[in-house]
Amino acid sequence: MDDHVTAGDTASTKSPKRADQEMVEIKSICPSCSSPVDIAVGQAVRENRITWWEAFRCSNCGCQQESDGKDQTPEDIRQAILIKHGEWCLVISEVKGTSLIRTLTRLRDALQLSLAETGHLKERLPGKAATGTRAEMEWLSGVIKQGRSDASAMQITVEPNPQ
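Let me sum up the structure you'll find in this document. (Residues numbered from 1 in each chain as written. Predicted model: local features only at pLDDT ≥ 70, side-chain atom pairs only at ≥ 80, totals over all residues. Heavy atoms only, no water.)

Topic: the overall build of the chain
Right, so step 1: Broken down by element type, the chain carries four helices and eight strands.
Right, so step 2: Along the chain, helices (α) and strands (β) appear in the sequence β-β-β-β-β-α-β-α-α-β-α-β when read from the amino end.
Right, so step 3: Here the chain, with 163 residues, has 43% of them falling under the buried criterion.
Right, so step 4: Summarising the internal contacts of the chain: among those between residues at least 6 apart in sequence, 62% fall at separations of at least 24.
Right, so step 5: Summing over all exposed atoms, the chain offers an accessible surface of approximately 9300 Å²; the carbon and sulfur share of this is 49%. (Helix = DSSP H or I, 4+ residues; strand = E, 2+ residues; numbered from the N terminus. Buried < 20%, exposed > 50% of the residue type's maximum accessible area, 1.4 Å probe, protein only. Contact = heavy atoms within 4.5 Å. Areas by Shrake-Rupley, 256 points an atom, 1.4 Å probe, with all protein chains shown as cover.)

Here's what the structure looks like:
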């Protein structure tokens, strides 16, 4: 846990797992008494944004900490989720006409791709457009589809990456 952590007497020990989020526990040590603790961490899509959280309560000294955030999930949390739940991919199996240009534009903006990277992505379509955690791919699918009147011209799925 780092500078985004807040401590308090009323912090929950673990957030309830919801069907639309990925949760995992990370082994660590209590910053107060150095006893082992399991930090519950998770990631989900809420209001068209990726959200993350972490929480623990030390059974030895009662120290509690909880934190959460939006958009940039801390890399240690992201890696723990990838290890436990595996990598997921966004597959675009059909995209036609101007829908392709709009889709590439949204992917470029969301993933902060260069023009060259966007060109390489275009060559891969139809196919695997991106990989990451399930929440990241669900968010990216939503970004592509949000407010689109041409959504019927696209076939987009989020699925486990077979690697």
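Having put the structure on the table, let's press on.
With respect to the pattern of salt bridges
Right, so step 1: Evaluation of the coordinates by the stated rule reveals four salt bridges.
Right, so step 2: Overlapping salt bridges, with partners in common, bring together Glu 75, Arg 78 and Glu 136 in one network. (Salt bridge = Lys/Arg side-chain N within 4 Å of Asp/Glu carboxyl O.)

A closer look at unusual backbone geometry
Right, so step 1: Of note, the bond from Leu 125 into Pro 126 is cis; its omega dihedral lies within 30 degrees of zero at 0°.
Right, so step 2: For Pro 126, the position within the fold is in the loop between helix 3 (115-124) and strand 7 (127-132).
Right, so step 3: Phi at Glu 47 is positive, roughly 50°, even though this residue is not glycine.
Right, so step 4: Residue position: Glu 47 is located in the loop between strand 3 (36-46) and strand 4 (49-57).
Right, so step 5: The class of Glu 47 is exposed, set by a relative accessible area of 77%.
Right, so step 6: Of note in this structure, Asp 71 is not a glycine but carries a positive phi near 70°.
Right, so step 7: Residue position: Asp 71 is located in the loop between strand 5 (64-70) and helix 1 (75-85).

Some words on the pairing of strand 5
Right, so step 1: Here seven bridges tie strand 4 to strand 5, and the two strands are oriented antiparallel to one another. Within strand 5, the residue paired with Phe 56 across the bridge is Gln 65.
Right, so step 2: Connecting the antiparallel pair strand 4 and strand 5 is a turn made up of six residues, with Gly 62 showing a positive phi of about 85°. (Pairing = 2+ DSSP bridges.)

These results come straight from atomic positions and should not be treated as a statement about function.
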